[in-house]
Amino acid sequence: MVFLSGCSHTVRNASVGSQRAIDRDLIEITIPRLEALYRSHKYTVTEVVRWHIARTKKYNGIYRAVQTLDEAGALAAAAREDAEAQAGDSNFAPGALWGVPIVTKANTSVKGLVTTDGWKGYKVRGHELVAPRDATIVARLRSAGAVIIGQTNMPDFAASDTNRSSAYGRTGNAYDVRFSPGGSSGGTVTAVTSNYAVLGNGTDTGNSIRMPAATSSVVGVFPTRGLVSIAGIAPLDWLLDNTGPIARDVTDAAIALSAMAGEDPLDARTAGSSSKAQPGPYTQYLKTDSLKGKRFGVPAFIIDGAGTPFQGIIASETSEEVKHRMESARLPLKPETRDAFLKALDGLRAAGATVVMDDSVLPDGFAAIAARIGTVPYIREGTEKFLAEFGPAQYHSAEEYRKAVGAALPPTIIGGNEWHAIDEPVDRKRRDVVQANFETDPQAAANVTLPRQKALDMYTGTLDRMHLDGYVYPATQMPPPDETMPQDGRISGGPHSDTAWVNMIGVPAVVVPGGFYPSGLPFGLEISARPWRDGDLLGWAYAYEQATHHRKAPVLVEKGLLSDPAP
């Protein structure tokens with residue numbers, strides 16, 4: 001295990017010719033192409049893993065996407081898989097991700113590694129949050145044959161729309177390191193789009209898979225909440241949290257989602273999911289004509305900029321507080337993003353879909369209803385459950401952490417005085433909210449269950465009324481900002497989006513590359529569907545991808561003004 005610094009390496013003992021060949025073969029590699037290389041015995045898993053590790057070391061000093069490189073663990077796993085392949089066992093059946101180098105987000109437990117959650121407080125010497133076992137999705141990805149090469153950088157507790165971390169510093173956008181890759185899965189998107197790994201996982205509490213995917217021309221999947229277990233992932237808000245794959249194309253994302261999905265006794269939301277979800281593998285839904293005859297509505301409230309406050313508004317807040325919170329959440333759509341969105345819609349139409357733009361498609365009233373899903377009173381419960389199951393030997397609760405380290409966990413993940421998201425302006429800070437257990441709190445229905453059902457009914461009811469298959473909208477309200485220059489008087493905490501409502505009602509959504517701004521930075525198109533129609537959703541994304549081929553790989557730099565030593 002190595003904490004990376006700004007050094008440059010190349011694959012050892014390779015001739016110039018063979019180096020050029022492997023560079024040509026592995027850059028922008030997909031899972032099906034990698035499988036073909038393995039079948040032809042052109043490369044071993046060890047050679048493929050070494051190539052990705054070398055690329056990470058070469059560029060990470062500039063982009064700082066990978067916080068922890070587990071070189072020894074990755075090479076050991078690769079050697080085991082090579083031994084399996086060489087054994088000649090007739091019963092050997094490699095999994096769908098066999099030999100695929102991946103990264104995982106730093107809030108996702110990997111046995112023996114430090115789950116930093118982006119926060120320096122989980123890296124205190126002698127008190128590190130060393131994972132006692134793998135998160136459920138990590139175990140499933142390993143079982144499918146994936147090789148984990150490292151953990152990606154993220155903002156503290158995933159509570160930011162950009163990717164600045166007290167544990168490791170700032171991650172830059174692969175298309176221009178001065179710009180933000182978005183958060184909180186900015187480390188994963190930069191690692192994947194830069195070819196450090198074939199794919200990775202992100203987590204999403206308010207937009208944190210989808211918004212970063214949009215900044216970096218990759219595919220980001222937010223599954224129906226309950227399709228994929230979040231057990232073993234350090235929570236920001238367990239009632240809103242989700243995890244899903246981030247990949248360079250829809251096929252790879254579908255393969256990864258198939259491996260990640262499934263019921264898990266450690267995550268009650270997954271109970272019964274196998275009977276409600278479209279069956280896997282999700283590659284069976286990937287057809288180039290999937291968009292023909294489909295109808296998609298453009299939510300009017302997103303175009304209007306009527307956002308939903310992060311983690312919503314609890315039932316006890318006063319009308320004045322509600323008004324203030326809704327005004328603070330308003331986020332106008334930037335003109336250049338509107339132009340990119342309208343241009344991206346041409347690809348949907350060219351693939352045979354109809355796009356409905358009407359003021360009655362999820363108007364501002366929908367945002368107002370979704371905003372009343374207030375989850376803040378229950379955030380401590382999620383942190384306590386996580387530490388109880390996945391905390392280190394020294395502490396299995398917030399109180400045990402305080403006693404061991406001599407400092408309390410922050411209100412961001414346990415509630416309390418002056419709770420607020422890391423980058424929220426002072427005027428958005430909330431008054432103290434008493435923490436409760438969701439399952440026994442008499443206010444849980446008023447705070448969460450009833451407004452969630454009301455918002456979901458409006459979401460699906462509009463689909464029925466207007467004969468729509470899904471919704472389409474920009475994944476962000478603005479282009480990625482330049483983090484070397486102040487905007488609006490301060491360094492940006494964005495880019496920001498109006499997509500937190502997806503988490504609030506738990507429907508599936510996917511971001512697919514939708515083109516580029518005139519600046520050369522990517523634009524991402526987001527599509528959402530009915531609950532449990534994840535296969536259909538991926539089919540639409542695939543058809544759009546195949547019709548447009550918008551993704552272009554970034555040109556990375558090895559030196560730059562923003563290169564800095566590891567913190």
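Engineer: Could you give an account of the side chain of D204, naming the residues involved and the relevant values?
Structural biologist: With respect to the helices and strands, the residue D204 is situated in the loop between β7 (199–203) and α7 (210–215). Here R210 takes part through its side chain, which lies 2.9 Å from a polar atom of the side chain of D204. Contact partners of D204, with chain neighbours within four places excluded, come to I209, R210, F222, L240, D241, N242 and N503.

Engineer: For the pattern of salt bridges, give the residues involved together with the corresponding values.
Structural biologist: Any two side chains of opposite charge can pair, given that their charged atoms come close. All chains considered together, the criterion is met by 22 salt bridges. As a salt-bridge pair, E28 and R248 come within 3.8 Å of each other at their nearest N and O atoms. One end of the pair, E28, is in the loop between α1 (16–26) and α2 (31–39); the other, R248, is in the loop between β9 (243–247) and α8 (250–260), and 220 residues separate them in sequence. On the basis of relative accessible area, E28 is assigned to the partly exposed category, the value being 22%. Exposure remark for R248: the relative accessible area of 6% places this residue in the buried category. The partner of E389 in a salt bridge is R133, and the shortest N-O contact between them spans 2.7 Å. Placement of the pair is E389 in helix α14 (residues 379–390) and R133 in the loop between β3 (101–105) and α5 (136–143), with a sequence separation of 256 residues. Here the salt bridges do not stand alone but share partners, grouping E28, R248 and R551 into one network.

Engineer: I'd like to hear about the nonpolar core, residue by residue, with values.
Structural biologist: Within the largest apolar cluster, 109 residues are counted, with the highest numbers of intra-cluster contacts made by V49, L97, L291, L348, V472, L525 and L538. Every residue in contact with L291, bar those within four places of it in the chain, is listed here: F296, L348, A351, G352, A353, W540, A543 and Y544.

Engineer: Outline the pairing of strand β12 (residues 470–474), supporting the account with residue identities and numerical values.
Structural biologist: With 5 of its 5 residues buried, β12 lies for the most part within the structure. Sheet topology places strand β10 (residues 295–298) next to β12; 2 bridges connect them, and they run parallel. Each residue of the ladder has a partner; that of G297, found in β12, is Y471. With 4 bridges joining them, β12 and strand β14 (residues 522–528) adopt antiparallel strand pairing. The residue bridging Y473 from the neighbouring strand is E526, located in β14.

Cut-offs used in this document
Residues numbered from 1 in each chain as written. Predicted model: local features only at pLDDT ≥ 70, side-chain atom pairs only at ≥ 80, totals over all residues. Heavy atoms only, no water. Helix = DSSP H or I, 4+ residues; strand = E, 2+ residues; numbered from the N terminus. Polar contact = N/O pair within 3.5 Å; in protein donor to acceptor, adjacent residues only side chain to side chain. Contact = heavy atoms within 4.5 Å. Salt bridge = Lys/Arg side-chain N within 4 Å of Asp/Glu carboxyl O. Buried < 20%, exposed > 50% of the residue type's maximum accessible area, 1.4 Å probe, protein only. Core = buried A, V, L, I, M, F, W, Y, C linked by side-chain atoms within 4.5 Å. Pairing = 2+ DSSP bridges.

Distances and angles like these do not, on their own, reveal function.
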